[in-house]
Amino acid sequence: MNQPIQINNHPFRFLLYLEWILLTLAISTSTFPDPSPRFANQFPELTIGCLIIFGLMGLRLPTGKPINKIIYTSIEVLLLFVTGMFGGRVARLFPFIYLILVTRSCLIFQLPGRLVVTGLSFSLFLITLNSRLPKALPPQAQERFRFITFNTALLFGLSLIFVLLLMNTVLAERQNREKLAIANEKMRQYALRIENQATLEERTRIAREIHDSLGHSLTALNLQLETALKLWQSNPEKAQTFLARAKELGSKALKDVRQSVSTIRVNPLQEKTLEQAISILLEDFYRANGVSPRCFINLDYPPPPETNIALYRIIQESLTNISKYAKATEIILALTNTKKSLRLMVQDNGIGFDIQQNTTGFGLQSMRDRTLALGGEFKINTTPNSGCQIIVDIPL
């Protein structure tokens, strides 16, 4: 159930000002003498006091406990009852004071409470109206008064229903705007957290990549250069061998830097299809390792853009792991889809690994996280010296 609007002061200032204007007119009318004794204001001070108190109560509407709302509304009903019974022409000419009661109830209660207060307002109006009717009239005049009374009651009842429906619509729209604003703010904060988390993960991945590849190459390069410097005077030929090895390590470090830069590009599929991007990956793999992967792509239905990027990163990480650790001579890549699902398989005939001990690496975890983020399933089939098979199933 929707909660009522919680307010400390009147939520619609223009409506409060309108209440004051109407109540001022009612107070002014109660001070004028009425030529008809039947409608004379018997206690003008009491009437004015009740109207002033009723107007001031609109400055602060109750919130929180239901009992406070019931007491507040009961006091309003009592004030209007006293005004109707002793207010003379005020109750006859200004029935809108009951409409004010209905509008305030809409700001305090839910729909059942609003209906109850609307019924009370209509009952108060009928009591006030009947108390001012003449007691003894000719039959024809009585019929005329009954007809006028019925029409007046019907018109006022329709007015109450109109005000109730109008206030319900206004409040529902206000609540929807507030909920939408809250939802937008939550989405903005969530998107910001996701962006920060993705940035942190990417930084962690780059740091590990540099530590595992570039750091290792530079450490080995430094050792080769130190050894070459020590042997330069005593054994130049052997020192030259260490220098040649240092040059190879330098080339490998440069290759690792280029690969890291390629990996962190914002959109690797920019202005390219998934098939074209995969083809470039396979060409780079062949140039770096001298092995040409066999590729089978059959996409009958184009995957969504976010799925394309995830697939590209998974394939890229798979080829990187094969290049670093697998020592494979044969790689197979297969990508197929249907209306409901998509399957990617990357298989090699390399050295494999013990799946019980080597499933926490950053590369495998990254591929698993990307798959799970799309609601998919990630599988690894491998044993030492038996190659490795990675299967990714993603629902569409």
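What counts and what doesn't
Residues numbered from 1 in each chain as written. Predicted model: local features only at pLDDT ≥ 70, side-chain atom pairs only at ≥ 80, totals over all residues. Heavy atoms only, no water. Pairing = 2+ DSSP bridges. Helix = DSSP H or I, 4+ residues; strand = E, 2+ residues; numbered from the N terminus. Axes fitted to C-alpha atoms, helices over the stretch in contact; angles between N-to-C directions. Contact = heavy atoms within 4.5 Å. Phe/Tyr/Trp six-rings, centres within 6.5 Å; stacked < 30°, edge-to-face > 60°. Buried < 20%, exposed > 50% of the residue type's maximum accessible area, 1.4 Å probe, protein only. Lys NZ or Arg CZ within 6 Å of the ring centre and 35° of its normal.

## Focus on the pairing of strand β3 (residues 341–348)
Piece 1. Examined bridge by bridge, strand β2 (residues 331–337) and β3 share 7 bridges and lie antiparallel to one another. Of the residues in β3, the one forming a bridge with T336 is R343.
Piece 2. Connecting β2 to the next strand, β3, in antiparallel fashion are 3 residues.
Piece 3. Here β3 pairs with strand β5 (residues 388–395) via 8 bridges, running antiparallel. Of the residues in β5, the one forming a bridge with L344 is V392.

## Concerning the sheet that holds strand β4 (residues 377–382)
Piece 1. If you walk across this open sheet you meet the 5 strands as β1-β2-β3-β5-β4, and the pairing is mixed. What marks the edges here is a single partner per strand, and that holds for β1 (294–299) and β4. Mean inter-strand twist for the sheet, computed between neighbouring axes without regard to direction, equals 5 degrees.
Piece 2. Here helix α9 (residues 274–289) sits on the sheet and contacts β1 and β2; the angle it forms with β1, its principal contact strand, is near 175 degrees.
Piece 3. Sheet contacts for helix α10 (residues 305–326): β2, β3 and β5; angle to β3, the most-contacted strand, approximately 10 degrees.

## Focus: the packing of aromatic side chains
Piece 1. As enumerated under the stated definition, the model contains 4 aromatic pairs in all.
Piece 2. Seen in terms of ring centroids, Y98 and F156 are 6.1 Å apart; in terms of plane orientation they differ by 80 degrees. Their pairing is edge-to-face. Here Y98 is found in helix α5 (residues 96–108), whereas its partner F156 is found in helix α7 (residues 139–231), with 58 residues between them in sequence.
Piece 3. On the basis of relative accessible area, Y98 is assigned to the buried category, the value being 0%.
Piece 4. Using a relative accessible area of 6% as the deciding quantity, one classes F156 as buried.
Piece 5. Sitting over the ring of F54, R104 keeps its end group 4.4 Å from the ring centre.

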